[in-house]
Each structure stands twice: as C-alpha cells, then as structure tokens.
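Inside the fold
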Amino acid sequence: MNIIEIENLHKSFGEVKAVDGISFTVKEGELFAFLGQNGAGKSTTISIICGRLLKDGGNVSVNGNDIDGDITEIKRDIGVVFQSSVLDKQLNVYENLKSRAALYGIFGDELKSRIDELDKLLSFKPLLKRTVGKLSGGQRRKIDIARALIHKPKILILDEPTTGLDPQTRSSVWNVVRTLQRNERMTVFLTTHYMEEAADADNVVIIDQGRIVAEGTPHELKNRYTGDFITLYGVDEENVKALDCPYRAEKDAFIVTVKNTAFATELIIKHKEIFKDYEITKGDMDDVFLSVTGKELGGDEK
C-alpha cells in the first residue's frame, strides 16, 4: 500500500521553480530516503506534504487523504523531526511534550501513559524537569523525536535528524527508528547528508533543482550509476595504464574504475601478473549521487 502519493507536484517562488513536476510514492512501513543538496526542493516538498505550504499544482495524498481536503487528518498521520529543533527552550521537557500532546487532545492519564511508552524507547525521563535550553544536542534530539511521536503518527518525517550529532547519539537515533519500523510498522521519510544512512533505505529518490534525477533501491542505483573499484597495491603506474581503464593514484595504491564485477574478473584473469595484491569494492551511494547530479551531497558542483 502507498501511504504517500505525489503526482506532478509544482511549487514556485517567483521565477524560481523549487519543485518542478515531481512524482513518486512511498510505501507503508518502508524507510524512504529523499536526497538532494540544500535548495534542491526537499524542504519545499516536505512542507507541502505536512500542509505547511500550499502547492501550485499536482496531486498529493497521505494515507488516502487528499492534501486539498481536510488537512487535520493528514497532520494526525504525520510526525516531523526538523533539522533545527522546534522545542521551546524556555520550557522544560515535560512542558514541551504536554503542550504538543494537547494539540491532539492528549491529557492526564493518557499523556502519562504515552510518556511512559516513549521513555521505554528513548530513555528521557530523567530529563523531564530540565529546561530544554540546558540540554545537550543529543538530549534535545531525543525530545524532538518524542515530540514528533507523542500522537502515534503513521509517518515519521526525519529532516536531517542526525546532523551535528556524535556517532554514539547518531547510532542511538537509528536504533529508535529501526525499532519503530519493526514494531509499529511506521513509515520513515528521511532526508540526510550521511549517505550510509541512505544506503539502508528501502527506496531512494534523488532530487536536483526541483526535478527527480534518479530513483530506486540502493542496490539498483549502485548497479545503474556506479561501477566497481579495484584497489591495486605494489604496482607501477605504467602497468596500471596498460589496463586501459580510468584510475587514480591514492597513497600507496591505484584505484581502477571498472563497469562491473564481471569485467573486473575478466581483467584479473587477463593480467594475472599485475593482480598480486588487490581488493574489489562496489560503488557506494556517494558515487551514485555524484554520478547523477555532478555534485557531492552538501558540496558544490563538480
């Protein structure tokens, strides 16, 4: 079942086409990665899905509800963790969660029960009386997630959820996300600058200048847009040149680019005298992104 359906979505700001006719679907219960540089159209698309921004054209439905209809139901189905925390720094953690829960009619014993459930997932109860402004970045991110989950949404939108976090906290955030997917069948809609996070997605859409430039599973995208890499050790550059493949020198090795594993195998058999010490690796999602956009994620044009 598709829980999000977007067809020919358009949104412009003056002369700038922020979203230029994109179409894609997100299946219920999947981890969906939506990738693009800053300004590519990701945040605009998310704002439209959440009902924070009006579209210029196209169709958007969330859990069977059209975005042009009653937005209340759609907002109940979505929880959002923004890159920048939206918590009130002057209030303590409990007050932040209480005020958010009140928007969904959650009070008293029901609120206490929901905080208990979320604490089992996120372990934040010792922070309840702490002022948000005095929390660490990792602690604040936990509360951002709890806030997004307070009303038991079907879809969790994570907009750069781990940017700026230390590796341990990043790992903790992803343990929570995977638990939600596994136990609650929650759909996770992710934007990220960390390509290893996108590599775990069920499906990926890459957007550039408001248009979709690639989509598929990580495996499909790597097969379609990148090749394999052979790292050769202890060889002279003249021998590497003789392979007649693109290569680059890197420290004490040469990295040779080949179109696929089968071609690498043929090359190794044909040039046994060169391949004494080597390893083969597949292209990763960074290579995919660079191949389809000509840019590095978070970087400038290449």
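Here's what I pulled together on the structure shown here. (Residues numbered from 1 in each chain as written. Predicted model: local features only at pLDDT ≥ 70, side-chain atom pairs only at ≥ 80, totals over all residues. Heavy atoms only, no water.)

1. Concerning the sheet that holds strand E5 (residues 65–66)
Spatially, 4 strands are ordered E2-E1-E4-E5 in an open sheet, and the strand pairing comes out antiparallel. Two strands in the sheet have a free side with no partner beyond their single neighbour: strand E2 (16–27) and E5. Alignment of strand E1 (residues 2–13) against strand E4 (residues 57–62), held across 5 bridges, turns out to be antiparallel. For His 10, the partnering residue across the bridge sits in E4 and is Gly 57. (Pairing = 2+ DSSP bridges. Helix = DSSP H or I, 4+ residues; strand = E, 2+ residues; numbered from the N terminus.)

2. Structural notes on the environment of Asp 70
The residue Asp 70 is located in the loop between E5 and helix H2 (71–77) in this model. We classify Asp 70 as partly exposed; its relative accessible area is 49%. It is 31 Å that separates the C-alpha atoms of Asp 70 and Thr 179, two residues lying 109 residues apart in sequence. (Buried < 20%, exposed > 50% of the residue type's maximum accessible area, 1.4 Å probe, protein only.)

3. As for helix H5 (residues 137–149)
The end-to-end C-alpha distance of H5 is 19 Å, a good match for the 18 Å that 13 residues give at a rise of 1.5 Å each. By the criterion of burial, H5 is predominantly enclosed, with 10 of the 13 residues buried. If you check which residues of H5 are buried, you get Gly 138, Arg 140, Arg 141, Ile 143, Asp 144, Ile 145, Ala 146, Arg 147, Ala 148 and Leu 149. Buried-residue contacts for H5 involve strand E6 (78–81), helix H3 (93–102), helix H4 (108–122), strand E7 (155–159) and helix H6 (167–184). (Expected span 1.5 Å × (residues − 1). Contact = heavy atoms within 4.5 Å.)

4. Notes on the environment of Leu 297
Its place among the elements puts Leu 297 in the segment after helix H11 (285–293). The spacing of Leu 297 and Met 285 is 12 residues in sequence and 9.9 Å in space, taken between C-alpha atoms. If we ignore the near neighbours within four places in the chain, the residues touching Leu 297 are Gly 36, Gln 37, Thr 192, His 193, Met 195 and Phe 289.

5. What to know about the packing of aromatic side chains
According to the stated counting rule, one finds 8 aromatic pairs in the structure shown. Residues Phe 24 and Phe 34 carry aromatic rings whose centres are separated by 5.3 Å and whose planes lie at 40 degrees to one another, so their mutual orientation is tilted. Placement of Phe 24 in strand E2 and of Phe 34 in strand E3 (residues 31–35) is noted, with a sequence separation of 10 residues between them. As far as burial versus exposure is concerned, Phe 24 and Phe 34 are alike and both buried. When the ring of Tyr 247 is compared with that of Phe 254, the centres are 6.1 Å apart and the planes differ by 70 degrees; the resulting orientation is edge-to-face. Given the relative accessible area of 12%, Phe 254 is considered buried. Among the aromatic residues, ring-to-ring pairing joins Phe 24, Phe 32, Phe 34 and Phe 189 into one connected group. (Phe/Tyr/Trp six-rings, centres within 6.5 Å; stacked < 30°, edge-to-face > 60°.)

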